[in-house]
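# Coordinate inspection notes
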Amino acid sequence: MPTSSDMTTHTDPALLDALQHQVAVFARRAEQSRLGGVGQARNSMDRAAYLLLNRLDQEGPMGVKALAAGMGIDSSTVTRQVAPLVDSGLVSRTTHPEDGRAVVLQLSERGHTRLDEVRASRRALMAMVTEGWSEEDREAFTTLLTRFNSSLHRVVGAEG
């Protein structure tokens, strides 16, 4: 298995330093702004809630274990993060249609509405941040950022 020093041998150290610096700046700015969108819905939903609601919306109803596995986090974390979403009516717990003992989480109607509001706000922020970018630049950046996040998850087990 290659070591970290083997991996940097063929890459300009200054380029890796610049990349690391830009990732650190991005992380700081993302945390400061929480990339929470614009307008009334700005910063109205934390990252964990957004990621959970988004996953339920994209993949449909599922159990805690499946949700945790899909997000790369443990079931106890999902259970803790889902509890306030259930309490606020954004997620509902139902019984599994084939196994009445199993619990399935699903986005409620209120959850869909709230997620749509937050998505619109965050979409507007992304439009503002990338104003003046071509669609090709936006697509390239999205592709590279997706690839970066996948690699980060593979190497360090980052949530996502």
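Shown above is the structure to which this text applies.
My aim in this report is to walk through the structure given alongside it, one point at a time. (Residues numbered from 1 in each chain as written. Predicted model: local features only at pLDDT ≥ 70, side-chain atom pairs only at ≥ 80, totals over all residues. Heavy atoms only, no water.)

Here we come to the packing of helix H3 (residues 47–59) against helix H6 (residues 109–129). Contact geometry for H3 and H6: axes closest at 11 Å, N-to-C directions at 115°. What the angle tells us is that H3 and H6 run roughly perpendicular. Pair H3 / H6 crosses with left-handed handedness. Residue-level contacts link Tyr-50, Leu-53, Asn-54 and Asp-57 of H3 to His-112, Leu-115, Val-118, Arg-119 and Arg-122 of H6. Taken together, the residues that form the contact of H3 with H6 break down as four nonpolar, two polar and three charged. (Axes fitted to C-alpha atoms, helices over the stretch in contact; angles between N-to-C directions. Helix = DSSP H or I, 4+ residues; strand = E, 2+ residues; numbered from the N terminus. Parallel < 35°, antiparallel > 145°, perpendicular 65-115°, else oblique. Left-handed = near helix turned anticlockwise from the far one by under 90°. Contact = heavy atoms within 4.5 Å. Nonpolar A, V, L, I, M, F, W, Y, C, P; charged D, E, K, R; others polar.)

Next up on the list: the pattern of salt bridges. Two side chains with opposite charge may pair up if their charged atoms get near one another. If you walk through the whole model with that rule in mind, you get five salt bridges. Measuring nitrogen to oxygen at the nearest pair gives 3.0 Å for the salt bridge that ties Arg-114 to Glu-117. Here Arg-114 pairs with Glu-117, and both are found in helix H6, just three residues apart, close to one helical turn. Connected through salt bridges with shared partners, the residues Asp-57, Asp-116 and Arg-119 form a single ionic network. (Salt bridge = Lys/Arg side-chain N within 4 Å of Asp/Glu carboxyl O.)

All right, on to helix H5 (residues 75–87) then. For H5, spanning 13 residues, the distance from its first C-alpha to its last is 18 Å, which sits close to the expected 18 Å at 1.5 Å a residue. Along H5, the residues classified as buried are Thr-77, Val-78, Val-82 and Leu-85. Where H5 terminates, the next one or two residues include Gly-89, which has phi positive at roughly 80°. (Expected span 1.5 Å × (residues − 1). Buried < 20%, exposed > 50% of the residue type's maximum accessible area, 1.4 Å probe, protein only.)

If you look at the biggest cluster of nonpolar residues, it comprises 20 residues, and the most contacted ones within it are Leu-52, Leu-53, Leu-67, Val-78, Val-82, Leu-85 and Val-91. For this core, the elements supplying multiple residues, two or more each, are H3, helix H4 (64–71), H5, strand S2 (103–107) and H6. Per-element tally for this core: the top contributor is H3, with five residues. (Core = buried A, V, L, I, M, F, W, Y, C linked by side-chain atoms within 4.5 Å.)

This next bit is on the packing of H3 against H4. H4 packs onto H3 with a crossing angle of 110° between their chain directions and a minimal axis gap of 11 Å. Considering the angle they form, H3 stands roughly perpendicular to H4. For the pair formed by H3 and H4, the contact residues are Leu-51, Leu-52, Arg-55 and Leu-56 on the first element and Leu-67, Gly-70 and Met-71 on the second. For the contact of H3 with H4, the class distribution of residues is five nonpolar, one polar and one charged.

This brings us to a nonpolar patch on the surface. A cluster of nonpolar side chains, contributed by Leu-16, Leu-19, Val-23, Trp-133, Phe-141, Leu-145, Phe-148, Leu-152, Val-155 and Val-156, occupies part of the molecular surface with about 810 Å² of accessible area. Only helix H2 (13–33) and helix H7 (135–156) provide two or more residues apiece to the nonpolar patch. Per element, the largest residue contribution to the nonpolar patch is six residues, and it comes from H7. Looking at the secondary structure, you find Leu-19 in helix H2. (Patch = residues over 30% accessible without salt bridge, like charges linked within 9 Å, V, L, I, M, F, W, Y side chains within 5 Å. Areas by Shrake-Rupley, 256 points an atom, 1.4 Å probe, with all protein chains shown as cover.)

Along the chain, Leu-85 turns up in helix H5. Taking C-alpha positions, Leu-85 is 9.9 Å from Ser-108, a pair spaced 23 residues apart along the chain. Among all residues touching Leu-85, those that are not within four sequence positions of it are Ala-49, Leu-52, Leu-53, Leu-90 and Val-91.

With that out of the way, let us pick up the side chain of Thr-130. Relative to the assigned elements, Thr-130 resides in the loop between H6 and H7. Of note is the side chain of Thr-130, whose polar atom sits 2.7 Å from the backbone oxygen of Met-126. (Polar contact = N/O pair within 3.5 Å; in protein donor to acceptor, adjacent residues only side chain to side chain.)

Interpretation in functional terms is not warranted from these geometric data alone.
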